[in-house]
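So the chains spell out like this:
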Amino acid sequence: MNLSMLRLLSIPVLILVAIIAGANLLDGAAPKLDLDVAVDVTPPALDLVPRCVGENDQTLIQATRIQFPRGGRVTSDQLFNCPRAFDQLYVTYVGEVVGELINRRGGVWAQVNDDPYALIHGPLVGHSAHVGFNSGIAVWFPDGTHEIIDVIGRPATRGDVVEITGTFLRADPRDGGGITLRAETVTVIAEGFTVKEPLHTAQLVVAVVLFAGALGAIIAAQSARRRR
Amino acid sequence: MRMVLRPGPDDLKLIGYYLGKVLLGLGVIMLLPAVVALIAREWNAATAFIIGASLCLIMAGVSDAKLATNRSLTWAHGMVIVAVAWLVGTIFAAVPLMLSGRFETPLAAIFEVMSALTTTGMSVIHDLDHQPLSENFFRHLLQFAGGQGIIIVVLSLFISGGAQAGTLYAAEARDERILPNFIRTARFIFAVAGTFLVVGTLALFGALTLTGFTPTRAFYHAINLFFSTFDTGGFSPMQASMAYYHSLGVELVVMVLMIAGTLSFGLHFALWRGEPRNLLRHLETRTLAVTSTLFFGALAAGLILAGTYDSAAIVFRKGFFTLISAVSSTGHQVNPGVTYLTDWGVLAPAAIVGAMAIGGMASSTAGGIKAIRVGIAFKALTHDIRRILLPESAITVTTYSTGRRQVLRDATARSAMTVLLLFIVTFLLGTVVALLYGSYDLTEALFEAVSVGSNIGISIGIVDPLMPQGLMLIYTVMMWLGRLEYVAVFALWGYLIAIARGRTHA
């Protein structure tokens, strides 16, 4: 391979590396906020719920059902790891209401997340706590329970954090077999709030410079095309 | 290898020129979420999109000014352009996501965009449920662009001469030329998508409004869901995927769109012209009908045997939706991924793996091995058995329909078998790599490898923002290979070898 070929090949590779490194640098330079939004919640009733894999986990399921105190707190991870262990049990669940309240006759559906963004760090705005996916369950709030929910989790907004007691259903027949929690009592334990995202000034400057560069490149291309 | 001619600087310039066209298309696409960000007053997201779009437009402008050429594209050029375009385009499109703060590493943002463009639908995003509207819109828009084919987008918008474009079109795993001219074919595909965009979005909007959404939110969900559903992508505006909606109406509209997305554009054309008989005679339709029936039987039996659901209606609703999601390679989920492992028994997930492996139709937005290859492989097998059973003097001819009746030839059968084998090898390699990490069992590793390698997107839980970076890289490559169905990537590999070791021009 001759030198000119090597140069031709290396230029795009270097450009790509520079773009990735530059973007990474710019992302790291984003302004941070000092948020203290952790919600004080009682720990789950059971420390660890192992995964019930396969059909031979009846012992594990029965043991969990015996150990679990009526009305004890569960997390969504525990519920998904072994849905049969909690099926039709009366539980307490704490989480942030996100998305929307989907109005139906007799109540509303809502997604209630109990991941670290909901209960510890707040929405991923102004901080860099990367703690994984959102996790939560669908809750049916009958009329008379959901009216106290005021703020719904949206971009840059943490919704109300609610403590719910109710019955967990592994395959809710009234939801086409969905995994749901049928709420009986609801308490707002932390009110929702909106985080004002600080403007990333350096990113704004880079955007303006590159946009000007893009306009220049398009004009240069058009004049080159006219010359051809 | 000395017989192969070494590509010269002019070849690389030609490739660079067409890559510039692809980046021009991506730059224009990125301006749309920038507008959404400005309307939603998401300033940091807006500047991120402007940066991404500007970088694309700068590269497009420079390539147009410096690399423009009248040289004709060869098949090798076309293959290399497509293979590289999917890599380079992915990196450029990942820039706004790298700046979003929602991805721990640049690789994670690249994974997300590769997953979007290849319409896989696996996601490694942190805190999706609080993601700015414009960024979420961008993820879904990428599925639309990728599903239609980046090259298709470019062909439709930025290339006027049809003769050169055919090689790019075919290299992007779209070997079905519906109309005599490639540009007209590309524009027909766009017209189909445009029609479905209007009808599908309206249907979803109606279903969501009836299901209790406010009109504004219904429209936001409808447009995003359409992008990810018709193009068999599988992203969802919320982490809970389809389980978020609690609506049979929404699920029905989504199922219709998934089926529409998995039909080849040739069949769309036949239906467009009022020729439904083509649909019924087509080898792919028949293959999908047989395999889907078998897999649905296994899936339903699995759910009943495992005692997952005690009502036939629920078994049908959950099972059929999941099967359509798998076959169409969309990847929408009606329950959290880990519950396939912890609540669906053994047979049902195995049926899903089988359906995912086969995937949808060739020349559609669907992924997987493709029904046409499975159908041809089966025809070839029965052909061989007949040849053994009949007298030696007998002439055996096997035919099949792909809109017109065709004789099964050895070369066709060999080509189908080769790609089928390559998919299977990729699934196995992906499984072994995941197993080597020691954190996953065989069911999880195989399920995820098939889902990623077939560009499906149903996850059993391995793909996660906190997954090992090495596995993330392997899965990224698998998505790229699966989308281009190997040929273009192998051509790129051969081209690189030719650059290094080929014979120079006389």
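Residues numbered from 1 in each chain as written. Chains lettered and ligands numbered in written order. Predicted model: local features only at pLDDT ≥ 70, side-chain atom pairs only at ≥ 80, totals over all residues.

**Q** I'd like a rundown of the overall build of chain A, residues and numbers included.
**A** Helix and strand counts for chain A stand at 6 helices and 8 strands. Traced from its N-terminal end to its C-terminal end, chain A shows the element sequence α-α-β-α-α-β-β-α-β-β-β-β-β-α. For chain A, whose C-alpha radius of gyration is 26 Å, the value lies well above the compact-globule estimate of 17 Å for 228 residues. Overall, chain A is about 80 × 45 × 35 Å in size when its C-alpha atoms are taken along their principal axes. Here chain A holds 228 residues, and 40% of them are scored as buried. Considering only contacts within chain A whose residues lie at least 6 apart along the sequence, 67% involve residues at least 24 apart. (Helix = DSSP H or I, 4+ residues; strand = E, 2+ residues; numbered from the N terminus. Rg over C-alpha atoms; globule rule 2.2 N^0.38 Å. Buried ≥ 20, exposed ≤ 12 C-beta atoms within 10 Å, placed from the backbone. Contact = placed C-beta atoms within 7 Å.)

**Q** Could you give me a rundown of the overall build of chain B, with the residues and numbers involved?
**A** Per the secondary structure count, chain B includes 21 helices and 2 strands. A globule of 506 residues ought to have a C-alpha radius of gyration of about 23 Å, and chain B, at 23 Å, matches this closely. With the principal axes as the frame, chain B shows a C-alpha extent of 75 × 75 × 55 Å. Counting the 506 residues in chain B, one finds 61% classified as buried. Across chain B, the fraction of contacts at a sequence separation of at least 24, relative to all contacts at a separation of at least 6, is 75%.

**Q** Kindly report on the domain arrangement of chain B, identifying the contributing residues and their values.
**A** All names here are of chain B. One can read the domain layout of chain B as domain 1 (9–262) and domain 2 (277–425). Just the C-alpha atoms count here: the centres of domain 1 and domain 2 sit 27 Å apart. Facing the 22 residues of domain 1 at the interface are 20 residues of domain 2. Tallying contributions element by element places helix 10 (residues 248–262) first for the side of domain 1 that touches domain 2, with 7 residues. (Domains from an automatic or database assignment.)

**Q** Residues and numbers for the confidence of the model for chain B, please.
**A** Summarising the model, chain B shows a mean pLDDT of 90, and 93% of its residues fall at 70 or more. Among the scores for the predicted complex, ipTM is 0.95 and pTM is 0.94. (pLDDT = per-residue confidence, 0-100.)

**Q** Describe in detail the pairing of strand 2 (residues 90–104) of chain A, supporting the description with residues and values.
**A** Look at any regular strand and the pattern is simple: side chains alternate between the two faces of the sheet. All names here are of chain A. Strand 2 sits mainly inside the fold: 12 of its 15 residues count as buried. Pairing geometry for strand 1 (residues 73–74) and strand 2, over 2 bridges, is parallel. Within the sheet, the bridge partner assigned to Val74 lies in strand 2 and is Tyr93. The pairing of strand 2 with strand 6 (residues 161–172) spans 7 bridges and is antiparallel. Bridging from a neighbouring strand, Val94 pairs with Glu163 of strand 6. Here strand 2 runs beside strand 3 (residues 107–113); their pairing, made up of 6 bridges, is antiparallel. Following the sheet pairing, Val98 is matched in strand 3 by Gln111. The loop that links strand 2 with its antiparallel partner strand 3 comprises 2 residues; one of these, Gly106, has a positive phi angle of about 90°. (Pairing = 2+ DSSP bridges.)

**Q** Help me get a handle on helix 2 (residues 43–67) of chain B, residues and values and all.
**A** Across its 25 residues, helix 2 of chain B extends 35 Å between first and last C-alpha, which sits within 8% of the 36 Å expected from 1.5 Å per residue. Most of helix 2 of chain B sits out of view: 21 of its 25 residues are buried. (Expected span 1.5 Å × (residues − 1).)

**Q** So what's going on with the domain arrangement of chain A? Which residues, and what values?
**A** Entries for chain A in the domain assignment read domain 1 (1–30), domain 2 (58–194) and domain 3 (199–228). A separation of 45 Å is found between the C-alpha centroids of domain 1 of chain A and domain 2 of chain A.

**Q** Break down the interface of chain A and chain B for me, citing the residues and quoting the values.
**A** Counting residues at the interface gives 69 residues for chain A and 66 residues for chain B. Taken together, the elements giving at least two residues each to the side of chain A that touches chain B come down to helix 1 (3–28), helix 3 (76–81), helix 4 (83–86), strand 2, strand 3, strand 6, strand 7 (178–190) and helix 6 (201–227) of chain A. Residue composition of the side of chain A that touches chain B, by class: 39 nonpolar, 19 polar and 11 charged. (Nonpolar A, V, L, I, M, F, W, Y, C, P; charged D, E, K, R; others polar.)

**Q** Go over the packing of helix 1 (residues 9–39) of chain B against helix 2 of chain B with me, naming the residues and quoting the values.
**A** All names here are of chain B. Here helix 1 crosses helix 2 at 155°, and the two axes come no closer than 7 Å. Overall, the two elements helix 1 and helix 2 adopt an arrangement that is roughly antiparallel. As helix 1 runs across helix 2, the sense of the crossing is left-handed. For the contact of helix 1 with helix 2, the residue count by class is 21 nonpolar, 5 polar and 3 charged. (Axes fitted to C-alpha atoms, helices over the stretch in contact; angles between N-to-C directions. Parallel < 35°, antiparallel > 145°, perpendicular 65-115°, else oblique. Left-handed = near helix turned anticlockwise from the far one by under 90°.)

**Q** Could you give an account of helix 19 (residues 442–453) of chain B, naming the residues involved and the relevant values?
**A** Residue and element names in this part refer to chain B. Here helix 19 contains 12 residues, and its C-alpha end-to-end distance of 16 Å stays within 8% of the 16 Å for a straight helix at 1.5 Å per residue. Of all the residues in helix 19, the buried ones are Glu444, Ala445, Leu446, Phe447, Glu448, Ala449, Val450, Ser451, Val452 and Gly453. Where the residues of helix 19 are buried, they touch helix 15 (339–342), helix 16 (347–358), helix 18 (410–436) and helix 20 (469–484). The first or second residue beyond helix 19 is Asn455, which carries a positive phi of 60°.

**Q** Could you give an account of the packing of helix 18 of chain B against helix 19 of chain B, naming the residues involved and the relevant values?
**A** All names here are of chain B. At a minimum axis distance of 8 Å, the contact between helix 18 and helix 19 shows a crossing angle of 135°. The angle between helix 18 and helix 19 falls in the class oblique. As helix 18 packs across helix 19, the resulting crossing turns out to be right-handed. On the side of helix 18, the interface is formed by Phe423, Thr426, Phe427, Gly430, Thr431, Ala434 and Leu435, while helix 19 contributes Leu442, Ala445, Leu446, Glu448, Ala449, Val450, Val452 and Gly453.

**Q** Help me get a handle on the pairing of strand 4 (residues 136–142) of chain A, residues and values and all.
**A** All names here are of chain A. The buried fraction of strand 4 amounts to 6 of the 7 residues, a majority that puts the element mostly inside the structure. Bridging between strand 3 and strand 4 involves 7 bridges; their strand directions are antiparallel. Its bridge partner being in strand 4, Gly107 is matched across the sheet by Pro142. Sheet analysis places strand 4 next to strand 7, joined by 3 bridges and oriented parallel. Within strand 7, the residue paired with Ala138 across the bridge is Thr180.

**Q** Account for the environment of Gly274 of chain B, with residues named and values stated.
**A** One can find Gly274 of chain B in the loop between helix 11 (265–272) and helix 12 (276–281). For the pair Gly274 of chain B and Met122 of chain B, spaced 152 residues apart in sequence, the C-alpha to C-alpha distance is 36 Å.

**Q** Account for the environment of Ala85 of chain A, with residues named and values stated.
**A** Residue and element names in this part refer to chain A. In this fold, Ala85 is placed in helix 4. Among the residues examined, Ala85 registers 27 C-beta atoms within 10 Å and is labelled buried. Taking the C-alpha atoms as reference, Ala85 lies 7.9 Å from Leu60; in sequence the two are 25 residues apart. Sequence-distant contacts of Ala85, that is, excluding residues within four places in its chain, are made with Val49, Cys52, Ile61, Thr64 and Arg65.

**Q** Explain the environment of Ala498 of chain B to me, and be specific about the residues and the numbers.
**A** When you line up the elements, Ala498 of chain B lands in helix 21 (residues 487–501). Sequence-wise, Ala498 of chain B and Ala186 of chain B are 312 residues apart; in three dimensions their C-alpha atoms are separated by 31 Å.

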